[in-house]
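# Chains, contacts and geometry: an overview
Residue strings, one per chain:
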Amino acid sequence: MTYSIPWEKLRFSEDGLIPAIVQDAISKEVLTLAYMNRMSLEKTVETGETWFWSRSRQELWHKGATSGNTQRVKAIRYDCDGDALLVEVLPNGPACHKGVYTCFAETLESTSASETAGRSESERFAILNELEALIAAREAERPEGSYTTYLFDKGIDKILKKVGEEAAEVIIAAKNRSPEELRYETADLLFHLLVLLREQKLPLDAVLTELANRR
């Protein structure tokens, strides 16, 4: 990874820090918010993995140095004011010290009935985004008893076998002229395709872009 850091465009705080939002480059989930100083940014660029400045310990820290949950940097962006960074990464395990995929795992619950009544047209495919993020979390956390964990642990051959099996089931359902069966089997196929995309580190966005380009 080779970057030329535009120091003159970046605005560090009085204590020499700049917030760094860390995002999964594939699922687009925000993983954590940390802080960098000039040295940690230089180390991140130099090594291709994230380094931050610990405000509590007052020292540099290499993400994953002790846990093994490193983050390989794919891109670094800065905002229009130059006072915040967006670091796109490929995580090797959970980002949170609690052992979960993202530090932003908690959600404010909505009490508005109008907000929970149903999906709008713009949210029609929101479930695919949610499922892509969930699969990314399963790959990072590997919880015991999870079928998705099982697939990742078994590896590419098992995942490809399941994709082939589910594709065959879709064909059989269509030949049977069974809408219920076809709906169920298509859902299975889409799930296993998303697992395959995650294993291959190919974002769903890339597939959607390919479709748009063909239109």
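Residues numbered from 1 in each chain as written. Predicted model: local features only at pLDDT ≥ 70, side-chain atom pairs only at ≥ 80, totals over all residues. Heavy atoms only, no water.

What follows deals with the pattern of salt bridges. For the structure on display, the rule yields nine salt bridges. Across the salt bridge formed by lysine 162 and glutamate 165, the nearest N and O atoms sit 3.2 Å from each other. Linking lysine 162 with glutamate 165, this pair stays in helix α5 (residues 156-175), spanning three residues, or about one helical turn. Connected through salt bridges with shared partners, the residues Asp24, Glu139, Arg198 and Lys201 form a single ionic network. (Salt bridge = Lys/Arg side-chain N within 4 Å of Asp/Glu carboxyl O. Helix = DSSP H or I, 4+ residues; strand = E, 2+ residues; numbered from the N terminus.)

Another aspect to go through is the nonpolar core. One finds Met36, Leu41 and Leu85 to be the most contacted residues of the largest nonpolar core, which totals 21 residues. Of all elements in the fold, only β1 (18-24), β2 (30-36), α1 (38-47), β6 (85-91) and α3 (126-141) reach the threshold of two or more residues within this core. Beyond its immediate stretch of four places on either side in the chain, methionine 36 contacts Phe12, Gly16, Leu17, Ile18, Ala20, Leu41, Thr44, Trp51, Phe52, Trp53, Leu85 and Val87. By size, the runner-up hydrophobic cluster in this structure holds 13 residues, among which are Ile135, Phe152, Leu196 and Leu197. (Core = buried A, V, L, I, M, F, W, Y, C linked by side-chain atoms within 4.5 Å. Buried < 20%, exposed > 50% of the residue type's maximum accessible area, 1.4 Å probe, protein only. Contact = heavy atoms within 4.5 Å.)

One open sheet holds the four strands; their spatial order is β2-β1-β6-β5, and the pairing between them is mixed. Every interior strand has two partners, whereas the edge strands, β2 and β5 (71-78), have only one. The average undirected angle you get between the axes of adjacent strands in this sheet is 25 degrees. Here seven bridges tie β5 to β6, and the two strands are oriented antiparallel to one another. Note that in β6 the partner of arginine 77 across the bridge is leucine 86. (Pairing = 2+ DSSP bridges. Axes fitted to C-alpha atoms, helices over the stretch in contact; angles between N-to-C directions.)

Quick look at the packing of aromatic side chains now. In this description, an aromatic ring pair is defined by two values, namely the gap between the centres and the angle between the planes. Throughout the structure, instances matching the rule amount to four aromatic pairs. Seen in terms of ring centroids, phenylalanine 52 and tryptophan 61 are 5.1 Å apart; in terms of plane orientation they differ by 45 degrees. Their pairing is tilted. Following the ring pairs from residue to residue traces out a cluster consisting of Tyr147, Tyr150 and Phe191. Lying over the aromatic face of tryptophan 51, lysine 43 brings its terminal NZ or CZ to 4.5 Å of the ring centre. (Phe/Tyr/Trp six-rings, centres within 6.5 Å; stacked < 30°, edge-to-face > 60°. Lys NZ or Arg CZ within 6 Å of the ring centre and 35° of its normal.)

This part takes up unusual backbone geometry. Of note, lysine 28 is a non-glycine position whose phi angle comes to about 70 degrees, a positive value. Here lysine 28 lies in the loop between β1 and β2. Taking relative accessible area as the criterion, lysine 28 reaches 36% and is therefore assigned partly exposed. Positive phi is not limited to glycine here, since lysine 201 has a value of about 60 degrees. Tracing the backbone shows lysine 201 in the loop between α6 (179-199) and α7 (204-214). You can call lysine 201 partly exposed: its relative accessible area is 32%.

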